[in-house]
Amino acid sequence: MNEIRKIQVIGAGDIGRQVFQGLALSDASRSVQLVGRDEEATLRAANLTRFSSVQRGHSARVSHAVTDLFDVERTAERIAAFQPDIIFLAASLQSWWVITTLPEQAFQRLYQANYGPWLPMHLVPVMKAMQAVRLADSPAVVVNAAYPDAVHPALTAVGLSPEIGIGNVANNVPGIRVGAADLLGVHPSEVEVRLVAHHYVSHRLSRTGDAGAASMGLAVLHHGRDITAELDIGALLGSLPHRYRRTGGLAGQVMTAASALSVLEPLATGRDALVHAPGPLGLVGGYPVALEGGRIRLELPQGLSADDAVKINESGQLQDGISDIRPDGTVLFEESSMAVLTRELGYDCAEMPLDQAEGRAREITERLAAYRQRVTR
């Protein structure tokens, strides 16, 4: 009889529910558990997945549990009780789309800050969850969805980084593969991509077709042969927001869920795979990654060193609003990005030691709520 693999999804928001359903709709021997804060909402979501899985003839064991990540001991109890092989973290204090619900002019002003200054909203729940993982003495591989490009290098300093992230760099790879395949007149299965890019770059590619002021690394391979020099890469990337444009926003999280499953499924089944992921092994930014027997290693474009790949991602980190992440986990924010939040919210933070992250997250929450009231009057 096949060993039953256990996968625990912590976070019952949109991306957590989508990934949970994707994991359950499988013929593999597995048990999946959805963990959320709200009993009623989490039960309903788990039952929806359970019933749709049964309807389609699948046999995954589906359950749910309830915790608040700020209650580290209770979360540790939930982890210890389920004994997962893999934990998928899909928890954030403020999802990326929240500011898009503001009046358009207010949203556009805040949008200029980029993502970095909002880091505490993503870092804190991941930090709490990882404290619970350590308290439970869990050997689970932890996969995180919340801004891994910056959360992971910050938490590495205190031994709390998840092993790997999902989304961001991965979300543009299918479009690049399909675009290259169309140029070559072949099927996308014949084309491979090696993309090194920070969240800042991956966010831009599908919207503007370029890396902006940041750097990126890209190789395109056909049947294993590097053909990057034979392609007009500028035109290829420029086609992403045009010929290869796709649904974005909250509805577009189908792509992020697919990117998550591209990492989770090989880890769950033990098969080898080449994937793209942010924050692997606590590194800043996003990379092509080889998953081999549950182990994680970088699979960079030929001729690109690991040090150079990190420098590429650090250039994107700066453009995203983070000047540096020190070895002790202290985060330094880029002045012009933080100035946007200072001007709009009255929030100012030049640097943030990890022990101040929770307080900073509370402050942002309060100031954004007050701002929403002002701009919606």
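Each chain has its residues counted from 1, running along the sequence as written. The predicted origin of the model limits local features to residues at a pLDDT of at least 70 and limits the giving and counting of side-chain atom pairs to 80 or more, whereas totals for whole chains, interfaces and linings rest on all residues. Side-chain metrics rest on all non-hydrogen atoms present in the structure, leaving aside hydrogens and water.

Labelled according to an unreviewed UniProt entry, the protein appears under the name Saccharopine dehydrogenase NADP binding domain-containing protein, originating from Streptacidiphilus alkalitolerans.

### Considering the overall build of the protein
If you tally the helices and strands in the protein, you get 13 helices and 15 strands. Computation of the radius of gyration draws on C-alpha atoms alone. For the globule rule, the value is 2.2 Å times the number of residues to the power 0.38. The C-alpha atoms of the protein give 20 Å as radius of gyration, which agrees with the globular expectation for 377 residues (21 Å, within 12%). By principal-axis analysis of the C-alpha atoms, the protein measures approximately 55 × 55 × 40 Å. Here the term buried applies to any residue with accessible area under 20% of the maximum for its type, exposed to any over 50%, and partly exposed to those in between, with areas from a 1.4 Å probe on protein chains only. Within the protein, the proportion of its 377 residues that are buried is 52%. Should any heavy atoms of two residues lie within 4.5 Å, those residues are counted as being in contact. Put simply, 68% of the contacts in the protein that link residues at least 6 apart link residues at least 24 apart. Using a 1.4 Å probe, the Shrake-Rupley method yields the accessible areas, and only the shown protein chains count as cover for residues. With an accessible surface of roughly 16500 Å², the protein has 49% of that area assigned to carbon and sulfur atoms. Distance between charge centres in the protein, computed from 34 positive and 41 negative side chains, equals 6 Å. Runs of H or I in DSSP of at least four residues are treated as helices and runs of E of at least two as strands, each being numbered from the N terminus. For the purpose of charge, His is not counted, nor are the chain termini; Lys and Arg are scored as positive and Asp and Glu as negative. Here the site of a charge means NZ on Lys, CZ on Arg, CG on Asp, or CD on Glu.

### With respect to the sheet that holds strand 9 (residues 225-226)
Strands are labelled as partners when DSSP assigns at least two bridges between them. Strand order in the open sheet made by the three strands is 7-8-9, with antiparallel pairing throughout. Sheet topology places strand 7 (191-196) and strand 9 at the edges, where each strand pairs with a single neighbour. Two elements, strand 8 (residues 217-222) and strand 9, share two bridges in a ladder whose sense is antiparallel. Counterpart to His222 in the pairing with strand 9 is Arg225. Here an axis means a line fitted to C-alpha atoms, over the contact stretch when the element is a helix, while the angle between two N-to-C directions is reported on a 0 to 180 degree scale. Contacting strand 7 and strand 8, helix 7 (residues 173-184) crosses the sheet at an angle of about 135 degrees to strand 7.

### Considering the layout of surface pockets
Each cavity reported here is a set of points on a 1 Å grid over the protein atoms alone in which a 1.4 Å probe fits but cannot get out, each pocket an open set with protein on both sides within 12 Å along at least five of seven lines, and each lining residue one with an atom within 4 Å of a point. Grid points are joined across faces, edges and corners, and a volume is the space filled by probe spheres set on the points. Its boundaries defined by the atoms lining it, the second largest pocket holds a volume of some 290 Å³. Along the walls of the second largest pocket sit 14 residues, with Val173, Arg177, Leu274, Val275 and His276 positioned nearest its centre. Elements that contribute at least two residues to the lining of the second largest pocket include exactly helix 7, strand 7, helix 10 (253-269) and strand 10 (273-278). In this classification, Asp, Glu, Lys and Arg are treated as charged, Ala, Val, Leu, Ile, Met, Phe, Trp, Tyr, Cys and Pro as nonpolar, and every other residue, Gly included, as polar. Partitioned by chemical class, the residues of the lining of the second largest pocket number nine nonpolar, three polar and two charged.

### Here's the deal with helix 3 (residues 72-82)
Looking at helix 3, one finds that the buried residues are Val72, Thr75, Ala76, Ile79 and Phe82. For helix 3, the angular spread of buried residues about the axis comes to 135 degrees, placing them on one side. Projecting away from the buried face of helix 3 at angles above 90 degrees are the exposed residues Glu73 and Ala81. Of the surrounding elements, those touching the buried residues of helix 3 are strand 1 (5-10), strand 2 (30-36), strand 3 (61-66), strand 4 (86-89) and helix 5 (119-135). Note on helix 3: the residue one or two positions beyond its end, Gln83, has a positive phi of about 55 degrees. Picture the helix axis, draw a direction to every C-beta atom, and the arc is the one those directions span.

### Points about helix 5
Expected span of a helix: the number of residues minus one, times 1.5 Å. Between its first and last C-alpha, helix 5 extends 24 Å over 17 residues, near the 24 Å set by a 1.5 Å rise per residue. Burial of helix 5 is extensive: 14 of the 17 residues sit out of reach of the surface. Remark: Asp137 follows helix 5 within two positions and exhibits a positive phi of approximately 55 degrees.

### Quick look at a negative patch on the surface
Taken together, the side chains of Asp68, Asp71, Glu73 and Glu77 present a region of like negative charge at the surface. You can see Asp68 is positioned in the loop between strand 3 and helix 3. Assessed through its relative accessible area of 32%, Asp68 is described here as partly exposed. Only residues whose relative accessible area exceeds 30% and that form no salt bridge are eligible for patches; like-charged ones are grouped when within 9 Å, while nonpolar side chains (Val, Leu, Ile, Met, Phe, Trp, Tyr) are grouped when within 5 Å. By salt bridge we mean one thing: a side-chain nitrogen of Lys or Arg within 4 Å of a carboxyl oxygen of Asp or Glu.

### Some thoughts on the sheet that holds strand 11 (residues 286-292)
Spatial ordering of the open sheet is given by 10-11-12, a layout of three strands whose pairing is antiparallel. The open sheet has two edge strands, strand 10 and strand 12 (295-298), and neither has a second partner. The mean angle between the axes of side-by-side strands here comes to 40 degrees, regardless of whether they run parallel or antiparallel. Where strand 10 meets strand 11, six bridges bridge the pair, whose relative direction is antiparallel. Bridge pairing in strand 11 places His276 opposite Pro288. Here helix 10 sits on the sheet and contacts strand 10 and strand 11; the angle it forms with strand 10, its principal contact strand, is near 130 degrees.

### Some thoughts on the side chain of Ser26
Inspection of the secondary structure assignment puts Ser26 in the loop between helix 1 (14-24) and strand 2. By relative accessible area, which is 10% here, Ser26 ends up buried.

### Quick notes on the environment of Val32
Mapping Val32 onto the fold places it in strand 2. The exposure class of Val32 is buried, given its relative accessible area of 0%. Separated by 52 residues in sequence, Val32 and Pro84 place their C-alpha atoms 8.7 Å apart. The residues contacting Val32, other than those within four sequence positions of it, are Ile7, Phe20, Leu23, Ala24, Arg61, Val62, Ser63 and Phe82.

### Focus on the pairing of strand 12
Pairing geometry for strand 11 and strand 12, over four bridges, is antiparallel. In the sheet register, Glu292 faces strand 12, and the bridge partner there is Arg295. Hairpin connection of strand 11 to strand 12: two residues between the antiparallel strands, including Gly293 at a positive phi of 60 degrees.

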